[in-house]
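Structural overview
The residues making up each chain are set out below.
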Number of protein chains: 2
Amino acid sequence: MTKCGDNKLDEKAVFFDIDDTLLDTSSFAETARRAAIEMMVENGLPLEKDEAYDLLKEIIEQKGSNYDKHFNVLTKTVLGEEDPFLIALGMTTYHNVKFALLRPFPRTTQTLLYLKTKGYKLGAISNGITIKQWEKLIRLNIHGFFDEVITSEEVGFKKPNRHIFEEALSKMNCKAEKSIMVGNKLDVDIIGAANAGMKTVLVNSNIDLESEERIIEENIDLKVLNNISELNTIL
Amino acid sequence: MTKCGDNKLDEKAVFFDIDDTLLDTSSFAETARRAAIEMMVENGLPLEKDEAYDLLKEIIEQKGSNYDKHFNVLTKTVLGEEDPFLIALGMTTYHNVKFALLRPFPRTTQTLLYLKTKGYKLGAISNGITIKQWEKLIRLNIHGFFDEVITSEEVGFKKPNRHIFEEALSKMNCKAEKSIMVGNKLDVDIIGAANAGMKTVLVNSNIDLESEERIIEENIDLKVLNNISELNTIL
């Protein structure tokens, strides 16, 4: 695997956030959760569908999206004890729908290919569970584009902590000033990367007035694009 | 849910083991593991395929088949540290192939339906993880046939321990002498159920001379069938 700077000092890198930057995680997760809830209610969970969905969302907020027992907590909350049948039904439905819907954003592969042909090394920096993030890249068949995948689980620091960005730069043997971070969350992806000295690109997101003032005040090197397929207009 | 004995004292029940009795777990698991190993070796696991497969089998024997980090141990053993990409690749391939191959044995649905029309209550008794066992029944779409699913995880005792059979009988409110246990393992399914006073049926298995002597000595009420589709010849 060629690392930035191994031979050429002018090598450059683009780092991507994964969820909601490369793929529409929030959207398929919502659809999959709604399908799971519908199935659970139709098979005996004694709540209205909207009520059950709202409760699930609350549980996900409390426990975090990487927690893997949301449906256990849901049945325990509603029924007083876990219901293995309903949990299994919810999980199976969630996974079936999720894998059916798992797609990269339009023109993602072409964009990654374009960046490779332009000589960029590519990395992914994600607040997530290492194996789960690899699983998404593998299922999307875009894992081959990435020289390194860096996760908060592995590094021990979450974005926006600058240590995760510095660890990513170090693993790729790249200089911050020759590197670009692309992500959909201003607070998480952009501020952290900027603190580590990287250039930044915000995608799939809007900037409000308050954020705009902050960007100017903190002198953050930021470009805003609709989505990653527009990267070819600036790189 | 009607339980045996709730109203009629002459109600009768058939209990099934799940893995290798209702579905061909061992066969699809082997195919899925071989596919996973092939993918891992082709993507950089530095072993011959057969060598890697044998090592995986050893790890599964050591850790048990319900352990969920076999591929983690495999990469750590071979490489000195876990490789999240190879682990995710192995797991993804294993699950894709497993779900593609997951089928009940021929005429399973018809057999369960036949028993229902004959007035039998149906239960499942499995040494396994409750949610994983429900997941198999749900994916096979045969979960609706079962009045109760009893697992060792839930009860705290594994087959052949008689407590798991007694707990199953109690949950279904059934008498042992009116109940039949169907399974593929003599030592696990048959001996345990017989000790709890149930009639037994062995399927998908052969009986050697030594076992035959034991059955006669211990006076076990056993019928041997090729597979569960033959249950209509005796029930």
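To be clear, the structure that these remarks concern was listed above.
Note that the structure is predicted; figures quoted are calculated from it, not measured.

Basis of the calculations
Residues numbered from 1 in each chain as written. Chains lettered and ligands numbered in written order. Predicted model: local features only at pLDDT ≥ 70, side-chain atom pairs only at ≥ 80, totals over all residues. Heavy atoms only, no water. Helix = DSSP H or I, 4+ residues; strand = E, 2+ residues; numbered from the N terminus. Buried < 20%, exposed > 50% of the residue type's maximum accessible area, 1.4 Å probe, protein only. Areas by Shrake-Rupley, 256 points an atom, 1.4 Å probe, with all protein chains shown as cover. Lys, Arg positive; Asp, Glu negative; His and termini not counted. Charge placed at Lys NZ, Arg CZ, Asp CG, Glu CD. Pairing = 2+ DSSP bridges. Right-handed = clockwise from strand over helix to strand, strands pointing away. Axes fitted to C-alpha atoms, helices over the stretch in contact; angles between N-to-C directions. Contact = heavy atoms within 4.5 Å. Buried area = accessible area lost by both parts, 1.4 Å probe. Salt bridge = Lys/Arg side-chain N within 4 Å of Asp/Glu carboxyl O. Polar contact = N/O pair within 3.5 Å; in protein donor to acceptor, adjacent residues only side chain to side chain. Nonpolar A, V, L, I, M, F, W, Y, C, P; charged D, E, K, R; others polar. Least-squares fit on C-alpha atoms with pLDDT ≥ 70 in both.

1. Concerning the overall build of chain A
Along its length, chain A carries 10 helices and 6 strands. Once the C-alpha set of chain A is aligned to its principal axes, its extents read approximately 60 × 40 × 30 Å. For chain A, with 235 residues in total, the buried portion stands at 48%. Accessible surface, chain A: about 11500 Å² in total, of which carbon and sulfur atoms supply 45%. Seen as two clouds, the 29 positive and the 38 negative side-chain charges of chain A have centres 8 Å apart.

2. Description of the pairing of strand 2 (residues 120-126) of chain A
If a strand is regular, its side chains alternate between the two faces of the sheet. Residues and elements named next belong to chain A. With 7 of its 7 residues buried, strand 2 lies for the most part within the structure. Burial along strand 2 is two-sided: the face carrying Y120, L122, A124 and S126 and the face carrying K121, G123 and I125 are both buried. Looking at chain direction, strand 2 and strand 3 (residues 148-151) are connected through 4 bridges and run parallel. Within the sheet, the bridge partner assigned to S126 lies in strand 3 and is T151. Once the chain exits strand 2 it traverses helix 6 (residues 130-139) before rejoining the sheet at strand 3, and the crossover so formed is right-handed.

3. Quick notes on the sheet that holds strand 3 (residues 148-151) of chain B
Residues and elements named next belong to chain B. Overall, parallel pairing links the 6 strands, which are arranged 3-2-1-4-5-6 in an open sheet. The open sheet terminates on both sides in strands that have one partner only, identified here as strand 3 and strand 6 (222-224). Taking the axes of each pair of neighbouring strands and ignoring which way they run, one obtains an average angle of 20° across the sheet. Across 5 bridges, the pairing between strand 1 (residues 12-16) and strand 2 (residues 120-126) is parallel.

4. Considering the interface of chain B and chain A
When the parts of a complex come together, some accessible area is lost, and that lost area is often taken as the interface size. Each side of the interface is counted separately: chain B has 17 residues, and chain A has 17 residues. Taking both sides of the interface into account, the surface hidden between chain B and chain A amounts to around 1500 Å²; carbon and sulfur atoms contribute 79%. For chain B, the biggest contributors to the area lost against chain A are F85, I131 and I138 of chain B; these three give 34% of the whole. Applying the counting criterion to the chain B and chain A interface returns 0 salt bridges. Between chain B and chain A we count 2 residue pairs in polar contact (both at pLDDT 80 or more) in total. Of all the secondary-structure elements, those providing two or more residues to the side of chain B that touches chain A are helix 4 (84-101) and helix 6 (130-139) of chain B. Per-element accounting of the side of chain B that touches chain A gives the leading share, 9 residues, to helix 4 of chain B. Here the side of chain B that touches chain A is composed, by residue class, of 9 nonpolar, 6 polar and 2 charged.

5. Details of the relation of the copies chain B and chain A
Mapping chain B onto chain A is achieved by rotating through 180° and translating by 0.0 Å along the same axis, at an RMSD of 0.1 Å. Both chain copies can therefore be described as sitting about a two-fold axis. A shared binding surface is used by both copies, with 100% of the interface residues of chain B retained as interface residues in chain A.

6. Points about the sheet that holds strand 5 (residues 199-202) of chain A
Residue and element names in this part refer to chain A. Reading across from one edge, 3-2-1-4-5-6 is the order of the 6 strands in this open sheet, with parallel pairing throughout. Each edge of the open sheet is held by one strand with a lone partner, namely strand 3 and strand 6 (222-224). Averaged over all neighbouring strand pairs, the angle between strand axes comes to 20°, with direction disregarded. Set on the sheet, helix 5 (residues 108-117) makes contact with strand 1 (12-16) and strand 2; between it and strand 2 the angle comes to about 135°.

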